[in-house]
Amino acid sequence: MTNPLAPGSLADKRALVTGSSRGIGADTVGYLAEAGAKVVVNYRNKARRAEQIAEKVVTAGGSALAVAADLTDHDSVQAMVDTVVSEWGGIDLLVLNASGGMEADLGEDYALRLNRDAQVDMLQTAVPHMPAGSRVVFVTSHQAHFVETAETMDEYVPVAKSKRAGELALRELIPQLDAAGIEFVVVSGDMIEGTITATLLNRLNPGAIEGRRQEVGKLYSVSEFAAEIALAAVEPIPADHTKLVGDVSGFTQ
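Residues numbered from 1 in each chain as written. Predicted model: local features only at pLDDT ≥ 70, side-chain atom pairs only at ≥ 80, totals over all residues. Heavy atoms only, no water.

1. Here we look at the overall build of the protein chain
Counting secondary structure elements, the protein chain contains 10 helices and 7 strands. Residues counted as buried form 50% of the 253 residues belonging to the protein chain. Looking at the protein chain alone, contacts between residues at least 24 apart form 75% of all its contacts between residues at least 6 apart. Put simply, the protein chain shows about 11300 Å² of open surface, and 50% of that area lies on carbon and sulfur atoms. (Helix = DSSP H or I, 4+ residues; strand = E, 2+ residues; numbered from the N terminus. Buried < 20%, exposed > 50% of the residue type's maximum accessible area, 1.4 Å probe, protein only. Contact = heavy atoms within 4.5 Å. Areas by Shrake-Rupley, 256 points an atom, 1.4 Å probe, with all protein chains shown as cover.)

2. A look at the nonpolar core
One finds Leu32, Val39, Val137, Phe225 and Ile229 to be the most contacted residues of the largest nonpolar core, which totals 36 residues. Discounting chain neighbours no more than four positions away, the residues touching isoleucine 229 are Ile24, Thr28, Val95, Val137, Val139 and Val187. Grouped together as the second largest cluster of nonpolar side chains are 34 residues, Val67, Val77, Met122 and Ile182 included. (Core = buried A, V, L, I, M, F, W, Y, C linked by side-chain atoms within 4.5 Å.)

3. Details of the sheet that holds strand β2 (residues 38-43)
Spatially, 7 strands are ordered β3-β2-β1-β4-β5-β6-β7 in an open sheet, and the strand pairing comes out parallel. Every other strand in the sheet has two partners, leaving β3 (64-68) and β7 (242-245) as the edge strands with one partner each. The sheet shows a mean angle of 15 degrees between the axes of neighbouring strands, direction not considered. Examined bridge by bridge, strand β6 (residues 183-189) and β7 share 4 bridges and lie parallel to one another. When the sheet's bridge partners are listed, valine 186 is paired in β7 with threonine 242. Along the sheet face, helix α4 (residues 110-126) touches β1 (14-17), β4 (93-96) and β5 (135-141) and points at about 175 degrees away from the line of β4. (Pairing = 2+ DSSP bridges. Axes fitted to C-alpha atoms, helices over the stretch in contact; angles between N-to-C directions.)

4. Considering the environment of histidine 129
Note on placement: histidine 129 falls in the loop between α4 and β5. Classification of histidine 129 as partly exposed rests on a relative accessible area of 26%. Ignoring sequence-local partners within four residues, the contact set of histidine 129 consists of Val81, Val85, Gly90 and Ile91.

See the structure below:
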């Protein structure tokens, strides 16, 4: 996948991508770094993966930090932001990519704590260190974005509802962000080939990925969707603060 961002288009911008030690987040970090951004690779427990991504950026001549933070723990989030501010002075781009909720061992309320409460806390913790002209990108799925009006797989409904709750909670902060000169956009994508969530759903509901692929003709890969997220860092913000990636048939009437 070719980087959709022009070389130098994000020169000296400071970007923090949550949940970026693998998958979509890791590829997003790669695109941003190649465009000149200083990047924070955030992880919860995959330290070596995050360090390898940061090392690759630095080897290529860029700037990167691998910083651990459990987004459901405010003190951990605050420590991560403090580290970035200490190193680079602030944050120009915050990509809220981390999500989850299908884990079986983290409590019944984990999806809501991570996909709503932690997203709001991450943003509010970062905002005091984001100058005018900064941007926030929230990553979600069509299954979550349209959960109120379209059916989704039973196995995913609790997660979808928690992610939609997070999106709505963040949207309520748009006036506050506007007042600070900070832009906000939601990037929503269809089922993405190769993600952990898609793999788990396909395991619980065999044929789910192939069925959706046949329905729409094409599903985005991890690198293709990450490219759309990276573009959202520089594209004009739509009037409804929403960028829909891929086919939305079956989700809209």
